[in-house]
Every structure is written in structure tokens, then in C-alpha cells.
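# Observations on chain architecture
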Amino acid sequence: MSPTARSKPAAKPAAKPTAKPAAKPAAKPTAKPAAKPKLAIFGAASCGGCDIAIVNIHEHILEVAAAFDIVLWPTVMDGKYSDIEAMEDGEITITLVSGSMRTDETVHLSKLLRRKSKFMVAFGSCASEGCIPGLANLTPRKEILDTAFSTSSTDNPDGIRPVWEFEAPEGILHLPEFEPMLRTLDQVVDVDYTIPGCPPESEQIWAALQAVVAALKGTGPLPPKGSILGAGESTVCDECARKRDVKKIDRFVRIQQVAAFDPEICLLEQGLPCNGPATRNGCGALCPSVSAPCIGCYGAAEGVVDYGARLMSAYASVIEATKPEEIDKILDGIPDPAGQFYRFSLAGSLLRGSRSAWQSDGE
Amino acid sequence: MERITIDPVTRLEGHGKIEIFLDPDGEVANAYFQIPELRGFERFCVGRPVEEMPTLTNRICGVCPEAHHMAAAKAADAVYHVDPPPAGKLLRELLYSAFFFTDHTTHFYALGGPDFVVGPDAPAAERNILGVIGKVGMEVGGKVIEARKRGHEVIEMIGGRKIHPASAVPGGMTQGITEEQRAEIEKFGRWAIEFGQFSLGIFDKIVLGNEAYKEMVLSDGYTHRTYYMGMVDPNNKVNFYDGQISIMSPDGERVGTYAPADYRDWIAERVEPWTYLKFPYLKKVGWKGFVDGADSGVYCATPLSRLNTADGMATPLAQAAYERFFDTLAPKPEAGGKRLVHHRLATHWARLIELLYAAERVVELAKDPDIASPNVRTVPTEKPTEGVGTVEAPRGTLTHHYWTDERGILTAVNLVVGTTNNYAPMAMSIKKAAQSLIHKGTVVHQGLLNRVEMAFRLYDPCFGCATHSLPGEMPLRVAIRNSDGEVVDVLSQNC
């Protein structure tokens, strides 16, 4: 980010990896020593941002390719699910899963990879807490499909919907089932580690991968099961450069209502609903650095059971009001509480979704 | 809706699934290209405040979040009937130009380009970025890594983050840039121009300098005569951030140019029950199925489409490259008067011309006297209602359309996403590849996979926008069935 760091990379990638991995591609299929740990990177229902974040470790990607036998990573390497099926259980040392569980196919593949892997990592917000697509759990499945296939530019007078099995004139065509609720990875399989973020910051990914490599080599400790990797143990506020005066507020504002925020002072104390107080640190407080509020993409801070409840209590502590009508007026400044308090964490929260989505069973 | 339990083995179909059916003579009767995933943004964004949309819709695609970020911010401007101040618009376009440069670099060197650079006949395991570095040397590889790195640093400088930027809001941007940052960005732009010229030089040397590759680019198997769509500025030059949408017929006639808000007069989306993705088509021509020609409403929206649709590029070096592109591939105009390139593999070349334009535009914008102004936002005063925002995503024209209540809470959302524009042309390219490589029940295995894969990659399909596969790395499973519907052969790649 800092402009001063800019001059270095020009020389670095050219100089550093030349010696080792430049010759790699041609040798790749045959010359790999069998002892290398196997790495799989799988994207379930995701946007691809997690994969780009991994690619953005830039020249270090060559070191990852040197340290691991990458058995599956559709982004960069050829690999086949059928090869994974043929593997022994536990043969893959570590699998990174990004994306959420949205169809029966992604659920199936995640279970397969779990069986074949020693360590399963929920990589990024979708896999660990559902992310923004988890907001779909506020709506019954039928409404989601109905909306997508009847928007105002959709020409669909017969009300056609995709079906899991369709009899075309030439034969049957199958589609994976869009499941009634979006699920997180740990709601489907046992998860060993979590790397939070939407997406995880590339520096953090590289640090986590280095720690994993050290543990595998025996030169570093193996993190205990359930650890959060690539993030801090406090809140975004702790790494935010803005000043907090423990000032009380009497109203919340929406970002478009204010021409400019003071660049030095806490955004929440200027009335902007910022998710920093409830959110795990590790990103470097990037959004507040450009006068945008923290949106909570690194998930709940250490020790927080319910993200939304923690954020609500943080807001309650800065509000200056005693009468119910004053409080109501302040809360009018948060027009979408479900989205504000569970923007990234709904699917992974205690409730997981709305009553209507739960009760509909998809119909 | 019937609920089917799918057998676990047949579920291992990756994320792009192709079903090819043969007739009794063993010739291709039909081919289906299915997209097996949906996330439902158009529904779950309803109820959210409109200012959240640039943040929420970033997550449609982590490969091109900047496109959704900008389309969403423009749609939110329109909802509030607010016009951002000059610096707000310039900064958005500056971020966007840095993004186009970075994204086109990723595609040419890591995703689509390896087909050419390493060679279409090289083993699939070598047709990747590591293979490119192996072929062209670490010096070039290092340059590519530097280009992606520096591009992302500029995106982060203006947008706050390298992926999923945070700074575009209704009425403008959250904050401006400093003079120091401006100078840094200008320096990057100058470097990026050199990198763009260098990349065109590589294309010259490796593709145009090789008769076999040139022949492949010009071959019928990769040629489609469809309508083309692209955004143009008032001089009919290519623009990525703002302008009107223009439609070019396959015969070189400008069919019309319209304001983005009128998109529903021009396009509609067709639903098929065997896929989660819709098929946009030109409403005035109509849906005639998966066919070429002036009578079919199928259109294409890619770098090639944008060059075909526009009369030129707005910057000098890109304009020279544009002229050379048409002089080389389409020296004579079509009946309608415009020179057009219908050879779809030329999309890679067009992408590099756009890369150079994006770099030149970075410098132009960084030098604009208003760019470092702190006045980057107009506070809306009017009641929010409805609005459309359109940009050119690297993979095609992207439209966001929002409706809100009087508090600015979304009541409806419609999204026509970049890659989706090219869904029908891609399905056609697959069928054409199958038809030319399957005869009397005999299948040319590796040839078919290569052809299908290359046909995909030139569109740079980003099903992150619809599903989750990254551009150019569509896992494929092709099932070939006889006239009784039995699977006689299965080919797969990346899955």
C-alpha cells in the first residue's frame, strides 16, 4: 500500500526465483519428489477473490509451487477430481476451501476433500461464515429462484425455472440442486483451521503458508486445531489509525449524507456505523483508511460468540440517549439491522437465517 | 419442482458441463453448455440500503469486483439523481483504468495467452503462467508479476483495498488522493504504457510472426458473424467507464446507440431450464436460437466487440494499434461500411490494445488538473427512486439497475453481468468445435478439448460472476451421447 514500498518489486521477482523455479514448468509432471506435501485449493460457491488473493502473493507463488505438490488448483494448475477420488484417505496434507456450500455438488466435493485431507482449512469469509451470499438465508429458496428468473429484463412468459433434471429432446440434462440454505464449510465437514477475510489479505496468506511449511518441516509449532490463522486476536479498531475520544453520538448517519468525514477521527464517533469494534483485526484497517467504514469481513473478534450481538452492544455503548423515543430515532439511522449486524456472518451465526427461510424447506 | 437425488459419480462434473448428443449417423445433433450455479444477488440485495451496493456486489466477482463497484456506484448516483463532482468521476475512472490494465495483464499472461505463448499443442499442464515463464524467461515473468503488483497497489491507493475496493459511494468517492499519490500513479501509468507496448511486441513476435498461429486465428472454426456491443464516448471511441452503448451489425452497420438506462428497449434475457445462467439477446432482432448472422439476436460483448463497435481508441498509441489491427485482419469494410474482425481468437490481440489504452488513460487522468481535488463527493438532496449504472467490464457490458423506496432501501435489483452477454456465443463456439471434430461417431479427443478450451478462453469467461470458476480455467466435462441418449464417451479437464 505504501508508495515507498513500490520500488523494490521490480528487481525482486526477476532476481529471486530465477535460480530455482524457472526450470519448473517443463519438469513439473514427472520430476517432483514424492515426499513433498500435497496441497489442494478448491473453490466452492465463491467469487474467485480468494484465488486472486493467493495469486497476489506474487513471486512467493513460485515458492509455494516449490514447497508443495499442488494436486488441485483449477486457477493455475491442471488437476482432476477423479485423481482426488483415487487417492488414499488423508493423502492430501492440506486443503484450502474457499466459497460456501450452495449446491449438493459443492457439499459432495467438500466431503470428498475432507476425507482425502489431513488438514482442512476454511479459507476466507464464504467458507468460514457464509459471507455476503449468506444473506440469501433471509429468503426462502423459491423466492430467490423466482426473482432471478423473472427480473424486468427477463423474457420468460412461461415462468421457466432451471430444474435439477431436464428432459431435453435429445436426453436428460442434470443440474446440481440449489440447496434451501447456504451453509458454511464447518456446517458440512470438520474444519481444522480458519483463515478469515473477504478476501484474506495476501500478506496474511503468505505468513500463514510460511507457518504451515515450518510446521510440516518441524521447524515451527503446529497450530492447535481450531486456530484462526492469518489474523490478529483483537479488533480492527486496535489497528485503525483514527483517534477515539470515547465520544458519545446522538445519531447515526448514512455515508452519502456527509460530504467528507474528518480523516483523523473515529468514523463511529462521527456517526457512521462502522463494524470495527466487533471485527477481528488482521487486514490493517484498510477501509477506514479511505474514509469508508469497516464492513466486518474478517469476522468476529476473538472470544465473540455472536458477531451481531457484540456489534449491537458496541453501538449501544456510544449512543447517548435515555428515552425510548430518542433511542428509536437513533436506530432509524440503521435502516437494515440484519444486513448491518450480520453482513458477512449470517449463515455462520447462531440463527443461520430467517424463520421464513428455515420454515420453507425451500418451497 | 421435482427433487432429484443425483448419483455421486455423475455429480463430479466440474463447473462447466457440456453435453453433446449425436444423431443416428454419429454426427452432432446438439450440444448443451450448462452453468451449474447461482447465488441469488438479485433477491438478497432487496431490503439493503442502496449505498451498500458497491460493497455487496463486489462479491459477485473477485476477479472483476471493480466493475461491479463502479456499476453499482453509478446506479446509486442515478437512484439519488446526483452527479458526482469532476474529481469524483475522474478518480473512479482512474481506479478503473488501473484495474483494466491489471486484469488484461492477468488474462493475457496467466489465463488466455499461454495457449499462444506456450503453444496450443503443448500439454495442458504447461499451458499456465509457469509455462509462460518457462518459455519467455524469468525476466518477462518478473515484469508480469511487477505489472500485476503495481496495478493492484494503485487500486488499493484509491480504493482502499486490492480486491473488493471500498471507496465509491453514491455521489462520488469517500476521499481524494494526495499530490504525492497522484505523482506515484502517473509514474505507474508511464511504466504501464511501456509494458503495454512490450506486450503487443510479444504478440507480434509469437503469434503474428508464426504462420501456423496466424492461420489458426483466421480459421473458420473460430469465426462467428454476430452482432457486437460496446460502450462508446461522444466521438464513438472506446470507453470503459462512461458513455452510450452502441450496437454493430455483423455486416458493419451501426444499428443504434443508446443511453444505458434504456437497456431494456434493446436487450432481453432468455431462460432455459437446463442451466442457471440466462442468455441475453437483442430484443429488436429476437431470439432465433444459437445461430450466427444478422437475423439472430445473439451478440457478443468482449474486447473484440468493443473494437468492432467503436470507430477507434481515444489515445494515440492505442489508436495506432487499432489501425494496425484492422489493416492486418480486416483491410476491407463490410457492406455496412465498417471494418470488422469476426475471428474470435483475435480477441487476445484486441485485449492488448485495450491494455495499452488503459495505461495511456491512467497517465491522462493522473495529469488532469482536477484529479487531486479534495472535492470528490456531492451530497444527494433529491428523493431516491430508480437508477441504472453501466460500465464496460473487461468481459462485456455490465448493467446494474436498482429501485428503492423513499429511504433509499432497495425494493428490486436487476443485473446484466459482463460474461453473461457472451453465454450464447460461447455455446455456439462449443457446438461448432464439436461439429468440426466429431464425424461418424469418431471423436478427436485432445483436439476437441483444446478447441473447446481455446474457444472459451478467448471470451475470458468469468463465471465467478455467475458461478465461481476463474477466467480461462473452466473445468470441463464433455459427455458424448449416441442417438439413444447413452453416454458413449467422456472427456474431462480440470475436473
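Residues numbered from 1 in each chain as written. Chains lettered and ligands numbered in written order. Predicted model: local features only at pLDDT ≥ 70, side-chain atom pairs only at ≥ 80, totals over all residues. Heavy atoms only, no water.

### A few points about the nonpolar core
Residues B:Tyr96, B:Phe101, B:Phe325 and B:Tyr402 are the most contacted members of the largest nonpolar core, which totals 204 residues. Ranked by the residues each element gives to this core, the list is headed by helix α14 (residues 347-366) of chain B, at 13 residues. Setting aside chain neighbours within four positions, we find B:Tyr96 in contact with B:Glu66, B:Ala67, B:Met70, B:Phe240, B:Tyr241, B:Val391, B:Glu392, B:Ala393 and B:Pro394. Core analysis: the second largest hydrophobic core is formed by 21 residues, A:Phe42, A:Val71, A:Leu72 and A:Val97 among them. (Core = buried A, V, L, I, M, F, W, Y, C linked by side-chain atoms within 4.5 Å. Buried < 20%, exposed > 50% of the residue type's maximum accessible area, 1.4 Å probe, protein only. Helix = DSSP H or I, 4+ residues; strand = E, 2+ residues; numbered from the N terminus. Contact = heavy atoms within 4.5 Å.)

### Points about the pattern of salt bridges
Residues and elements named next belong to chain A. Counted according to the given criterion, the structure contains 41 salt bridges over all chains. Of the charged contacts in the structure, one is a salt bridge between Lys 243 and Glu 264, with a shortest N-O distance of 3.9 Å. Of the two residues, Lys 243 is situated in the loop between α10 (236-239) and α11 (286-289) and Glu 264 in the loop between α10 and α11; the sequence distance between them amounts to 21 residues. Assessed through its relative accessible area of 48%, Lys 243 is described here as partly exposed. (Salt bridge = Lys/Arg side-chain N within 4 Å of Asp/Glu carboxyl O.)

### Some points on the state of the cysteines
Residues and elements named next belong to chain A. Evaluated as defined, the whole model comprises zero disulfides over all chains. Looking at the unpaired Cys 198, the closest cysteine sulfur is the one in Cys 131, lying at 3.7 Å. By relative accessible area, which is 5% here, Cys 198 ends up buried. (Disulfide = S-S within 2.5 Å.)

### Here we look at the packing of aromatic side chains
Residue and element names in this part refer to chain B. Under the criterion given, the structure shown has 31 aromatic pairs over all chains. Aromatic pair Phe 101 and Phe 195: ring centres 5.7 Å apart, planes at 70 degrees, arrangement edge-to-face. Separated by 94 residues along the polypeptide, Phe 101 in helix α5 (residues 86-111) and Phe 195 in helix α9 (residues 179-208) bring together distant segments of the chain. Exposure class is identical for Phe 101 and Phe 195. Each is buried. A ring pair is formed by Tyr 322 and Phe 326, whose centres lie 4.7 Å apart and whose planes are at 55 degrees; its orientation type is tilted. Residue Tyr 322 and its partner Phe 326 are located together in helix α13 (residues 316-329), separated by four residues, close to a single helical turn. Of the residues examined, Tyr 322 reaches a relative accessible area of 3% and is grouped as buried. A relative accessible area of 1% means that Phe 326 is categorised as buried. (Phe/Tyr/Trp six-rings, centres within 6.5 Å; stacked < 30°, edge-to-face > 60°.)

### Quick notes on the pairing of strand β8 (residues 267-270) of chain B
Bridging between strand β6 (residues 154-155) of chain A and β8(B) involves two bridges; their strand directions are parallel. Paired with A:Asp155 across the strands is B:Arg270, a residue of β8(B). Two strands pair when backbone bridges link them, and β8(B) and strand β9 (residues 279-282) of chain B are joined in this way by four bridges, in the antiparallel orientation. Within β9(B), the position partnered with B:Arg270 by the bridge is B:Phe279. (Pairing = 2+ DSSP bridges.)

Coordinates in, geometry out; function isn't part of it.
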